Amino acid sequence: MDRIFVLIANKAVTSKFNLNDLAGSAGRMDIVCRFISQSLFISHGIRRNVAVYVVLKGPPDPCKTLKISGNEVRYLSPDERNIAGMINKALSAEVDREWNKVSHGVYISRMDLASLLERIGNRNIYYLKESGEDISGMKISSPAFIIGDHMGLTKEDEEIVAGKVEKTISLGEMSYQADQCVTILNYLIDRGWVKC
């Protein structure tokens, strides 16, 4: 994988949810769906060089982590409802400490953030935060970008990331939505304005 994106979804539920209430009773699952869509999809295709991880920390059974691998995934559309259906299917599957394959390129496990960062492997961890170092013109290598949802990272998660991070980076002082951050990062790397 050329790049990895990790979303910390603080309130996203960890059991099946109502597809008609992604922003409410599903714990802002709408943010998760948009994040996955913007990480993976381009016009008429999927980024095969991207993997997406989402750490679901909401009730009733946290933590669960989703993995969507761009080079394996099939039958996935970029709309929120389709992605939410895929997540619901994953949340119905057996879950333990190892990856359980739910469908082509879609996996679920019981990993928390600390376990996930251990398992990602030979990656440089870049934590995205407004107060970080400006990413413009930066040279990065083997990146795994850690991005918080609308609530950011808890103090505990920030401590976990701090022990692993290569750099804390910033897209500027403006606070963007998680899916917007991914779009900007993909654009900067695609254009070569951030060397990867």
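The model shown is predicted, which means the values in this text are computed figures rather than measured ones.

**Q** For this particular structure, what's the right way to read the overall build of the protein?
**A** Helices and strands together make up the secondary structure of the protein, namely five helices and ten strands. Its C-alpha atoms give the protein a radius of gyration of 15 Å, near enough to 16 Å, the size a compact globule of 196 residues would have. When the backbone C-alpha atoms are referred to their principal axes, the protein occupies close to 40 × 40 × 30 Å. Here the protein holds 196 residues, and 48% of them are scored as buried. Long-range contacts, defined as pairs at least 24 residues apart, comprise 68% of the intrachain contacts of the protein with a sequence gap of at least 6. As presented, the protein carries roughly 9200 Å² of accessible surface, and 46% of it is formed by carbon and sulfur atoms. Taking the average place of the 25 positive charges on the side chains of the protein and the average place of its 24 negative ones, the gap between the two points comes to 5 Å.

**Q** Is there a simple way to think about the packing of helix α1 (residues 29–40) against helix α2 (residues 80–91) in this case?
**A** Helices that pack against each other are described as a pair by the angle of their axes relative to one another and the distance between those axes. Running from amino to carboxyl end, α1 crosses α2 at an angle of 105°, the nearest separation of the two axes being 9 Å. Considering their axes alone, α1 and α2 lie roughly perpendicular with respect to each other. On α2, the residues touching Met-29, Asp-30, Val-32, Cys-33, Arg-34, Ile-36 and Ser-37 of α1 are Glu-80, Ile-83, Ala-84, Met-86 and Ile-87. Residues that form the contact of α1 with α2 fall into these classes: eight nonpolar, one polar and three charged.

**Q** In this structure, what is going on with the packing of aromatic side chains? I would like to understand it.
**A** Between two aromatic rings, the relevant description is the distance of the centres plus the angle of the planes. A complete count under the given rule lists four aromatic pairs for this structure. Judged by centre distance (5.9 Å) and plane angle (45°), the rings of Tyr-53 and Trp-99 are tilted. Of this pair, Tyr-53 sits in strand β4 (residues 50–56) while Trp-99 sits in the loop between α2 and β6 (100–103), and the two are 46 residues apart along the sequence. Note on Tyr-126 and Phe-145: the rings are 5.9 Å apart at their centroids and 35° apart in plane angle, and the pair reads as tilted. Separated by 19 residues along the polypeptide, Tyr-126 in strand β8 (residues 124–134) and Phe-145 in strand β9 (residues 143–148) bring together distant segments of the chain. Accessibility classification places Tyr-126 together with Phe-145 in one group, the buried group. Among the aromatic residues, ring-to-ring pairing joins Phe-5, Tyr-126 and Phe-145 into one connected group. In this arrangement the basic side chain of Lys-67 is found over the ring face of Tyr-107, its NZ or CZ atom lying 5.2 Å from the centre.

**Q** I tried to follow the nonpolar core on my own but got confused; where do I start?
**A** Counting residues in each nonpolar core, the largest one holds 50 residues, and the members touching the most others are Phe-17, Met-29, Val-32, Ile-36, Val-54 and Ile-87. For this core, the element with the most residues is α1, which contributes seven residues. Ignoring anything within four residues of it in the chain, the contact list for Val-54 reads Leu-7, Ala-9, Val-32, Ile-36, Lys-64, Thr-65 and Leu-66. Val-55, Cys-63, Ile-125 and Ile-146 belong to the second-largest nonpolar core, a separate cluster that totals 18 residues.

Analysis parameters
Residues numbered from 1 in each chain as written. Predicted model: local features only at pLDDT ≥ 70, side-chain atom pairs only at ≥ 80, totals over all residues. Heavy atoms only, no water. Helix = DSSP H or I, 4+ residues; strand = E, 2+ residues; numbered from the N terminus. Rg over C-alpha atoms; globule rule 2.2 N^0.38 Å. Buried < 20%, exposed > 50% of the residue type's maximum accessible area, 1.4 Å probe, protein only. Contact = heavy atoms within 4.5 Å. Areas by Shrake-Rupley, 256 points an atom, 1.4 Å probe, with all protein chains shown as cover. Lys, Arg positive; Asp, Glu negative; His and termini not counted. Charge placed at Lys NZ, Arg CZ, Asp CG, Glu CD. Axes fitted to C-alpha atoms, helices over the stretch in contact; angles between N-to-C directions. Parallel < 35°, antiparallel > 145°, perpendicular 65-115°, else oblique. Nonpolar A, V, L, I, M, F, W, Y, C, P; charged D, E, K, R; others polar. Phe/Tyr/Trp six-rings, centres within 6.5 Å; stacked < 30°, edge-to-face > 60°. Lys NZ or Arg CZ within 6 Å of the ring centre and 35° of its normal. Core = buried A, V, L, I, M, F, W, Y, C linked by side-chain atoms within 4.5 Å.

Just distances and angles here, no functional claims.
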